[in-house]
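Survey of secondary and tertiary structure
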Amino acid sequence: MAVTISLKAQAKAFISQLRLDYPDFKFEPGAQEHWSPRSKTVTYNLNQPLRELRYGVLHELAHALLGHADYQNDFELLKLEANAWDMASEIGHRYHVDIGSDHIQNCLDTYRDWLHRRSACPNCGMHVLQKDSASYHCFNCQTNWKVSPGRFVRSYRRKQKQPAP
Ligand SMILES: [Zn+2]
Ligand SMILES: [Zn+2]
């Protein structure tokens, strides 16, 4: 009789291994994957395909290892996201997890799209640089607009699952 290890069990085994290898951080299941620098917790989502769970948890772990806590503006956030993916691929090799560049580009594109939307002037449509972490200023028509702080969320370019503007 063949023994089938369920995907959930494989996912849990992967998390257990990471817990052993990275005892400085907590790993907790949750609805949304993220890294919390304050509680040193990597939150992972078990309700997804095993491959994506692995990519996701490695990505959040990379944020943890890189000490990502804060950023000054949206553009910097995009840079930190790219750094986290580089690190995630490196860690992945140790666990025989190969994070495809398609997946990484797709995730980064989500951020680029998000940045593009946030940087568009609501009055004239001009794309401008961010003024500070919470606001933009249009050099063309002098409109100011506020934005919610960006955050480290991993998401794909899915219509329903974009980070909120
Ligand atoms: Zn404008
Ligand atoms: Zn991230």
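Thresholds, definitions, all that
- Residues numbered from 1 in each chain as written.
- Chains lettered and ligands numbered in written order.
- Predicted model: local features only at pLDDT ≥ 70, side-chain atom pairs only at ≥ 80, totals over all residues.
- Helix = DSSP H or I, 4+ residues; strand = E, 2+ residues; numbered from the N terminus.
- Contact = placed C-beta atoms within 7 Å.
- pLDDT = per-residue confidence, 0-100.
- Expected span 1.5 Å × (residues − 1).
- Buried ≥ 20, exposed ≤ 12 C-beta atoms within 10 Å, placed from the backbone.
- Core = buried A, V, L, I, M, F, W, Y, C linked by C-beta atoms within 7 Å.

Brief notes about the overall build of the protein chain
Scanning the protein chain from N- to C-terminus turns up four helices and six strands. Counting helices and strands in the order they occur from the N terminus, the protein chain gives α-β-β-β-α-α-α-β-β-β. The contacts of the protein chain with a sequence gap of at least 6 include a subset with a gap of at least 24, amounting to 44%.

Topic: the confidence of the model for the protein chain
When pLDDT drops low, the exact placement of atoms in the prediction is not to be read closely. Confidence in the prediction for the protein chain averages 87 pLDDT; 88% of positions are at 70 or higher. Scored below 50 in pLDDT, residues 154–164 makes 21 contacts in the model with residues more than four places away or belonging to other chains.

Digging into the environment of Phe75
With respect to the element layout, Phe75 can be found in helix H3 (residues 74–94). The sequence separation of Phe75 and Arg112 amounts to 37 residues, and the corresponding C-alpha distance is 9.0 Å.

Observations concerning helix H2 (residues 50–65)
Along its 16 residues, H2 runs 22 Å from first to last C-alpha, staying within 8% of the 22 Å computed at 1.5 Å per residue. Here H2 lies mainly inside the structure; twelve of its 16 residues are buried. Among all positions of H2, only Leu53, Arg54, Tyr55, Gly56, Val57, Leu58, His59, Glu60, Leu61, Ala62, His63 and Ala64 are buried. Phi turns positive one or two residues past the end of H2, at Gly67, with a value near 70°.

Considerations on the nonpolar core
In terms of nonpolar packing, the biggest core is built from 19 residues, with Val42, Val57, Leu58, Leu61, Ala62, Ala84 and Ala88 touching the most fellow members. Considering every element that reaches this core, the biggest residue donor is H2, with seven residues. Not counting residues within four places of it along the chain, the set of residues in contact with Leu58 comprises Ala88, Ile91, Gly92, Val97 and Ile99.

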